[in-house]
Amino acid sequence: MAEPRLRLLTRQGCHLCETAATELARIGAEAGLEPEAVDVDADPELQAEFGDRVPVVLLDGREHSYFSVDVPRLRRDLGLS
């Protein structure tokens, strides 16, 4: 099974993560994609790498943006603009 194109690294109780999830769901729907949310605190490797700067948006397995969704760039990279 292929890795999802859009992933959101998040954690419980993170208000920035909730905002990013809403934006990512909207943009993902426009692109026909369903973002996958991953709790960094459930994976020690993810927590070590990304834990201090969630939310993190991954596009095709690579870091795309963090703390907020870079909407114009993401739309461009998904071919939506």
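Residues numbered from 1 in each chain as written. Predicted model: local features only at pLDDT ≥ 70, side-chain atom pairs only at ≥ 80, totals over all residues. Heavy atoms only, no water.

**Student:** Which parts of the structure should I look at to understand the environment of Ala20?
**Tutor:** Among the structural elements, Ala20 can be located in helix α1 (residues 15-30). According to the relative accessible area criterion, Ala20 is buried, its value standing at 2%. A C-alpha to C-alpha distance of 17 Å links Ala20 and Asp77, two positions 57 residues apart in sequence. (Helix = DSSP H or I, 4+ residues; strand = E, 2+ residues; numbered from the N terminus. Buried < 20%, exposed > 50% of the residue type's maximum accessible area, 1.4 Å probe, protein only.)

**Student:** Just to check I follow, could you spell out the sheet that holds strand β4 (residues 62-66) for this structure?
**Tutor:** Consider a sheet: its strands pair through backbone hydrogen bonds, and that pairing is either parallel or antiparallel. The sheet built from four strands is open, its strands ordered β2-β1-β3-β4 with mixed pairing. Only two strands of the sheet have a single neighbouring strand rather than two, namely β2 (36-39) and β4. Adjacent strand axes in the sheet meet at a mean angle of 30 degrees when their direction is disregarded. Here strand β1 (residues 6-10) runs beside β2; their pairing, made up of four bridges, is parallel. In the strand pairing of β2, Leu9 is matched with Val38. The strands that α1 touches are β1 and β3 (56-59); relative to β1, the one it contacts most, it runs at about 175 degrees. (Pairing = 2+ DSSP bridges. Axes fitted to C-alpha atoms, helices over the stretch in contact; angles between N-to-C directions. Contact = heavy atoms within 4.5 Å.)

**Student:** Looking at this structure, how should I read the state of the cysteines?
**Tutor:** What we call a disulfide is simply a covalent bond connecting the sulfur atoms of a pair of cysteines. The full count for this structure, using the stated rule, is one disulfide. With its sulfur 2.4 Å from that of its partner, Cys14 forms a disulfide with Cys17. An S-S torsion of about 80 degrees defines the bridge between Cys14 and Cys17 as right-handed. Side by side, Cys14 and Cys17 carry an identical accessibility label, which is buried. (Disulfide = S-S within 2.5 Å.)

**Student:** Even after reading the chapter, I still don't get α1, so can you show me in this structure?
**Tutor:** Three- or four-residue spacings in an α-helix give side chains the same orientation, since the helix completes a turn every 3.6 residues. An ideal rise of 1.5 Å per residue puts 22 Å on 16 residues; α1 measures up with 23 Å between its terminal C-alpha atoms. Packing partners of the buried residues in α1 comprise β1, β3 and α3 (71-77). Gly32 occupies a position one or two residues after α1 and carries a positive phi of about 75 degrees. (Expected span 1.5 Å × (residues − 1).)

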